[in-house]
Amino acid sequence: TQGQVIKCKAAVAWEANKPLDICEIEVAPPQKGEIRVRVVANALCHTDIYTLDGHDPEGLFPCILGHEATAIVESVGEGVTSVQVGDTVIPCYTPQCMERDCVFCMSQKTNLCPKIRATQGKGVMPDGTTRFSKDGKPIYHFMGCSTFSEYTVIAEISAAKINPSADLNKVCMLGCGVSTGWGAAMVNPEVKPGTTVAVWGLGAVGLSVIQAAKLQGAGKIYGIDVNTDKFDHAKKLGADECMNPLEQDSKDWLLGKEKWGINYTYDCTGNVAVMRTALEAAHRGFGESCIIGVAAAGKEIQTRPFQLVTGRQWKGTAFGGWKSREDVPKLVNKVIVGELNIDDFITHTFESLEDVNQSIDILHSGKCLRAVVKI
Ligand code: NAD
Ligand code: AHE
Ligand code: ZN
């Protein structure tokens, strides 16, 4: 199939707020600096459904969603040297070009390589065109991954080559949610031993923040969610206490326990009112509040500047600060040796791409952390 168009099954989002259409599409061969991969497994992230629900200002239709996957390289385009046919990879929506003139890749302060960000946000490959079509009609890419498809094309710089002995039906989650949560407690901010942590939103992202904060030696961890079904998961992964903000104001509750506030607070909901609360519950003088959640189009954050004047720091993270091609393989190895555990995040498994709409319904229902679909 190398150099040929592949016909395969994909789940196409023709428009917002409609079920995905499982149909046959064409996937063009990889061009210069690109690779074509066969997707093995895909976990569903809240950001996929946020885009499908029409909340993403960058959302484009028709598109192929999906960005938490494992895959095997089927063919490579001109000039590709870092991966070969047959390699196992995790497509990463944050690439790492590693070029000496990339100030972001050369900096230890950030993972935000901008090399292909502009075209990625427009749903196309770096040359401005798409590799997907159906009956000649172009279909957009999504987040540089589009892994709700048997085959997809990604940039070489988006491919983290991983140990092929990993359980590919599990480590797909390291393509986004779980890596993000871990990084938000291990990298930026780096939770220090004995400190306090509060997390709003106990989905896979918030729970992985809790898991990593516990491993970092946090002294006290608070979990907050409107869905009380999530509390058992949170306690298992390290939360000391959980509360429902529909019953009591979460800031009042936290400040009643920790007089000057919480050392590290995290929004893992995407709700801008929660982001404000998380900032204002952070410790006077030096508390750090990290935005992980993705807010809907048109939403903005607000607070009194006094909250910052009095020493709280408002920050955010993309992909937990991990430099994708360098760090994701290391995270996979830590999972393989049992140093990091991802099993608790998989609540549902589906045997075929045909089931992808069921995985969406289940994540919407609040009963799911991660649903893995075998592609
Ligand atoms: P999820 O839907 O599985 O979990 C979200 C949780 O938030 C749910 O348990 C829900 O009940 C809870 N919640 C919703 N509104 C709430 C409120 N007002 N107060 C308290 N809890 C509330 O989502 P997820 O996959 O864990 O993702 C979480 C967020 O992180 C999403 O916004 C997602 O788009 C974003 N995200 C960001 C990054 C990044 O790199 N910054 C990476 C992955 C996901
Ligand atoms: N398209 C949205 C932005 C969405 C967003 O912030 N995405 C997160 C990752 S969510 C993963 O599930 C992110 O890391 N963004 C950095 C980037 O470069 O996209 C919008 O508001 O336009
Ligand atoms: Zn995601």
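Given the structure is predicted, the values throughout are model-derived calculations rather than measurements.

### Things to note about the packing of helix 5 (residues 177-186) against helix 6 (residues 204-215)
Remark: helix 5 packs on helix 6, axes separated minimally by 7 Å, with the N-to-C direction vectors making an angle of 40 degrees. It follows that helix 5 is oblique to helix 6 by the angle criterion. The handedness of the crossing between helix 5 and helix 6 is right-handed. In this structure, helix 5 contributes Gly177, Val178, Thr180, Gly181, Trp182, Ala184, Ala185 and Met186 to the contact, and helix 6 contributes Ala204, Val205, Gly206, Leu207, Ser208, Val209, Ala212 and Ala213. Among the residues making up the contact of helix 5 with helix 6, the classes are represented as eleven nonpolar, five polar and no charged.

### Quick word on the site of ligand 1
Close contacts around ligand 1 come from 32 residues, with His46, Gly201, Gly203, Val205 and Gly270 the closest. Elements supplying a minimum of two residues to the shell around ligand 1: helix 1 (46-52), helix 5 and helix 6. Across the shell around ligand 1, the residue classes tally to 16 nonpolar, 14 polar and two charged. Built from parts of two domains, the shell around ligand 1 gets at least three residues from each of domain 1 (6-177 + 321-374) and domain 2 (189-316).

### Overview of the pairing of strand 5 (residues 88-91)
On any regular strand, side chains alternate: one points to one face of the sheet, the next to the other face. Alternating residues of strand 5 divide into Thr88 and Ile90 and Val89 and Pro91, and every residue in both groups is buried. Alignment of strand 4 (residues 69-76) against strand 5, held across two bridges, turns out to be antiparallel. Bridging from a neighbouring strand, Ile72 pairs with Thr88 of strand 5.

### Quick look at helix 5
In terms of burial, helix 5 is a largely internal element, ten of the ten residues being buried. By the burial criterion, the buried members of helix 5 are Gly177, Val178, Ser179, Thr180, Gly181, Trp182, Gly183, Ala184, Ala185 and Met186. For helix 5, the elements touching its buried residues are helix 6, strand 13 (264-267), strand 14 (288-291), helix 11 (324-336) and strand 17 (370-374).

### Things to note about the site of ligand 2
Neighbouring ligand 2 are the residues Cys45, Thr47, Asp56, Pro57, Glu58, Arg117, Cys176, Val294, Ala318 and Phe319. By residue class, the composition of the shell around ligand 2 is six nonpolar, one polar and three charged.

### Topic: the UniProt feature "domain: Alcohol dehydrogenase-like C-terminal" (unreviewed entry) in the chain
Mapped onto this numbering, the UniProt entry annotates "domain: Alcohol dehydrogenase-like C-terminal" (unreviewed entry) at residues 204-333. Helix makes up 38% of residues 204-333 and strand 15%, and the two end C-alpha atoms of the span are 20 Å apart.

### What to know about the sheet that holds strand 2 (residues 21-27)
Strand order in this open sheet of four strands is 1-2-6-7, and the pairing throughout is antiparallel. Whereas interior strands pair on both sides, the edge strands pair on one side only; in this sheet they are strand 1 (6-12) and strand 7 (137-139). Neighbour-to-neighbour, the strand axes of this sheet turn through a mean angle of 45 degrees, independent of strand direction. As defined by bridge partners, strand 1 adjoins strand 2 across seven bridges and the pair is classed as antiparallel. Note on strand 2: the bridge partner recorded for Lys9 is Glu24.

### Quick word on the domain arrangement of the chain
When the parts of a complex come together, some accessible area is lost, and that lost area is often taken as the interface size. Domain parsing of the chain yields domain 1 (6-177 + 321-374) and domain 2 (189-316). A separation of 28 Å is found between the C-alpha centroids of domain 1 and domain 2. Each partner contributes residues to the interface: domain 1 has twelve residues there, and domain 2 has 13 residues. Among the elements that line the side of domain 1 that touches domain 2, the one with the most residues is helix 1, at three residues. The class makeup of the residues in the side of domain 1 that touches domain 2 is four nonpolar, five polar and three charged.

### Overview of the nonpolar core
The biggest cluster of nonpolar side chains holds 108 residues, and the ones touching the most others in it are Ile64, Val197, Val199, Val209 and Tyr266. The leading source of residues in this core is helix 6, at seven residues. Viewed by domain, this core spans two of them, domain 1 (6-177 + 321-374) and domain 2 (189-316), each represented by three or more residues. With near-sequence residues (within four places) excluded, Ile64 lies in contact with Ala10, Ala11, Val12, Phe132, Ile139, His141, Phe142, Ser146, Phe148 and Ser149.

### Re the UniProt feature "domain: Alcohol dehydrogenase-like N-terminal" (unreviewed entry) in the chain
Under the UniProt annotation, the feature "domain: Alcohol dehydrogenase-like N-terminal" (unreviewed entry) is placed at residues 32-160. For the annotated span residues 32-160, helix accounts for 12% and strand for 27% of the residues, and the straight-line distance between the end C-alpha atoms is 18 Å.

### Some details on helix 12 (residues 356-365)
Listing the buried residues of helix 12 in full gives Val356, Ser359, Ile360 and Leu363. Burial along helix 12 is one-sided: seen end-on, the buried residues are contained in an arc of 100 degrees. Contacts made by the buried residues of helix 12 are with strand 1, helix 1, strand 16 (346-350) and strand 17. With its phi angle positive at about 85 degrees, Gly366 sits one or two positions after the end of helix 12.

### Considering the sheet that holds strand 10 (residues 196-200)
One open sheet accounts for six strands, arranged 12-11-10-13-14-15; its pairing is parallel. Every other strand in the sheet has two partners, leaving strand 12 (241-243) and strand 15 (313-316) as the edge strands with one partner each. Neighbour-to-neighbour, the strand axes of this sheet turn through a mean angle of 20 degrees, independent of strand direction. Sheet topology places strand 10 next to strand 11 (residues 220-224); five bridges connect them, and they run parallel. Across the sheet, Ala198 pairs through a bridge with Tyr222, a residue of strand 11.

Analysis parameters
Residues numbered from 1 in each chain as written. Chains lettered and ligands numbered in written order. Predicted model: local features only at pLDDT ≥ 70, side-chain atom pairs only at ≥ 80, totals over all residues. Axes fitted to C-alpha atoms, helices over the stretch in contact; angles between N-to-C directions. Helix = DSSP H or I, 4+ residues; strand = E, 2+ residues; numbered from the N terminus. Parallel < 35°, antiparallel > 145°, perpendicular 65-115°, else oblique. Left-handed = near helix turned anticlockwise from the far one by under 90°. Contact = placed C-beta atoms within 7 Å. Nonpolar A, V, L, I, M, F, W, Y, C, P; charged D, E, K, R; others polar. Near = placed C-beta within 6 Å. Domains from an automatic or database assignment. Buried ≥ 20, exposed ≤ 12 C-beta atoms within 10 Å, placed from the backbone. Pairing = 2+ DSSP bridges. UniProt positions renumbered as here; feature names shortened; annotations may be inferred. Core = buried A, V, L, I, M, F, W, Y, C linked by C-beta atoms within 7 Å. Arc of directions from axis to C-beta.

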